[in-house]
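In case you want the letters, here they are:
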Amino acid sequence: MTEKTEQQARQEILDLVAEYARKYKVAPMQQPYHEGERIPYASRVYDDKEMVNLVDSALEFWLTAGRYTEAFEQKFGEYLGVRYVSLVNSGSSANLLAFSTLTSPLLGERRVKRGDEVITVAAGFPTTVNPIIQYGAIPVFVDVTLPTCDIDVTKLEAAYSEKTKAVMIAHTLGNPFNLKAVKDFCDRHQLWLVEDNCDALGSTYTIDGETRQTGSIGDIGTSSFYPPHHMTMGEGGACYTNNPQLHRIMRSIRDWGRDCWCAPGHDNTCHHRFDGQYGELPKGYDHKYVYSHFGYNLKATDMQAAIGVAQLEKFPGFVARRKHNFELLKSLLVEGGADAKLILPEPEPHSDPSWFGFLMTCQEGVDRETVVRHIEDHGVQTRMLFAGNLIKHPCFDEMRATGEGYRVVGSLDTTDRIMRDTFWVGLYPGMTDEKLRYMARIILEAIQQ
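On a predicted model such as this, the values are computed, not experimentally measured, just so you know.

The sheet built from three strands is open, its strands ordered β12-β14-β16 with antiparallel pairing. If you trace the sheet from one side to the other, it starts and ends with β12 (342–343) and β16 (422–426), each paired once. Each of β14 (357–362) and β16 touches helix α10 (residues 368–377); the most contacted strand, β16, lies at about 20° to it.

Let us now look at the packing of aromatic side chains. Each aromatic ring pair is characterised by the separation of its centres together with the angle its planes make. Following the criterion strictly, the structure yields 18 aromatic pairs and no others. Centre to centre, the rings of Tyr20 and Tyr24 are 5.2 Å apart; their planes meet at 40°, and the pair counts as tilted. Within this pair, Tyr20 and its partner Tyr24 are both found in helix α1 (residues 6–29), separated by four residues, close to a single helical turn. Classification of Tyr20 as partly exposed rests on a relative accessible area of 40%. Both rings, one in Phe72 and one in Phe225, keep their centres 5.5 Å apart while their planes meet at 80°; by these two values the pair is edge-to-face.

Below, the discussion takes up the side chain of Arg368. Tracing the backbone shows Arg368 in helix α10. Although Arg368 is buried, it forms no salt bridge, and the closest oppositely charged side chain is Asp421 at an N-O distance of 5.9 Å. Separated by 2.8 Å, the side chain of Arg368 and the backbone oxygen of Met419 make a polar contact. Apart from residues no more than four positions distant in its own chain, Arg368 is found in contact with Cys362, Met384, Ile418, Met419, Arg420, Asp421, Thr422 and Phe423.

Analysis parameters
- Residues numbered from 1 in each chain as written.
- Predicted model: local features only at pLDDT ≥ 70, side-chain atom pairs only at ≥ 80, totals over all residues.
- Heavy atoms only, no water.
- Pairing = 2+ DSSP bridges.
- Helix = DSSP H or I, 4+ residues; strand = E, 2+ residues; numbered from the N terminus.
- Contact = heavy atoms within 4.5 Å.
- Axes fitted to C-alpha atoms, helices over the stretch in contact; angles between N-to-C directions.
- Phe/Tyr/Trp six-rings, centres within 6.5 Å; stacked < 30°, edge-to-face > 60°.
- Buried < 20%, exposed > 50% of the residue type's maximum accessible area, 1.4 Å probe, protein only.
- Lys, Arg positive; Asp, Glu negative; His and termini not counted.
- Salt bridge = Lys/Arg side-chain N within 4 Å of Asp/Glu carboxyl O.
- Polar contact = N/O pair within 3.5 Å; in protein donor to acceptor, adjacent residues only side chain to side chain.

Below is the structure:
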């Protein structure tokens with residue numbers, strides 16, 4: 001009997017994995033929905049390709065960033081229309097990396113220093129703001145508007161000061177903020193713009209007749225690949241830019257702060273590994289261990305990237321399904337008269353959102369707790385708009401008591417209203433029309449309570 005080659009043995013394993021995935025993972029997900037079964041706000045959508053890629057990567061046992069990482073960064077950049085992508089281990093790390101990049105001494109006068117100000121919003125997820133505070137910069141909070149729940153661009157000039165260096169804000173649940181107004185403001189004052197694109201991957205925005213992916217319009221964009229997001233690697237994220245200097249800084253900070261840009265497992269890409277002069281180190285000190293930034297190890301594994309490569313192939317279909325789900329759910333709610341009791345979501349002008357969720361705000365006289373309890377009791381999972389108002393949370397207790405560490409421009413009345421009255425349900429691409437029709441009926445019942 002002829003002994004199998006390694007490649008034959010590998011292919012046999014991968015064929016068995018595909019068979020296993022189709023029978024025991026994919027088939028159960030395709031079972032028909034029965035009314036009353038739990039409908040989560042988000043869930044993974046995958047098939048045998050993700051599992052085959054995952055095992056294929058595991059069989060190589062490279063584990064850290066490798067060929068799948070390189071493939072993902074290239075394909076993801078092509079999708080977004082950006083030149084440089086750095087895969088990281090989470091969306092939170094992507095935001096940390098994005099902000100840390102702006103603190104590099106290589107940026108000269110535009111570098112964000114401790115005590116400098118960054119304009120943002122309190123109605124969102126904390127990891128958009130946390131890096132600002134952790135570095136010692138000052139978040140400047142402005143209010144948002146309904147129904148978009150995105151930044152109120154009329155407050156930008158009032159938020160600006162001689163200390164302002166950047167704007168760092170998220171596209172809320174897939175609905176882009178007014179990118180033209182924010183970009184014009186940043187250009188006028190020479191400010192960095194970081195787009196937290198973690199909830200909006202696949203959304204587009206049109207400026208001056210040119211339609212582009214959100215995340216690609218500012219100086220830096222970030223994405224998350226946590227399971228509920230638009231695509232998943234289990235954990236994972238990405239930081240991306242068209243600016244070669246920012247990319248160089250980004251890679252350094254992601255990879256321990258090294259000055260060296262060699263990929264894992266490679267040496268002497270620069271051909272000057274032992275003949276440079278860096279800081280006060282001896283001449284010729286190994287460039288592989290020269291550190292130009294205070295950095296981290298934020299890399300993802302190649303196994304995560306392998307899943308991402310398979311997810312990217314499906315991604316345009318994911319976006320199309322999210323848009324379909326939004327339109328169907330909204331039409332059902334409008335037909336049922338929900339707009340008399342709820343403020344329903346509206347896309348930002350000049351945008352085409354890849355909706356992460358369906359955001360609703362209770363009108364006067366409608367109690368959110370009563371509505372949400374009814375919806376949850378009938379098997380439909382809900383979520384608040386993340387922090388609601390971030391500065392009301394315990395993590396801000398000390399700063400709130402001293403009045404130091406952040407600044408608020410005007411009032412945050414709409415932010416506070418969102419904290420009290422807003423909730424959302426999911427639109428993930430595995431959501432069927434049957435589930436959406438049931439969700440609409442339960443929401444309509446709830447607002448009549």
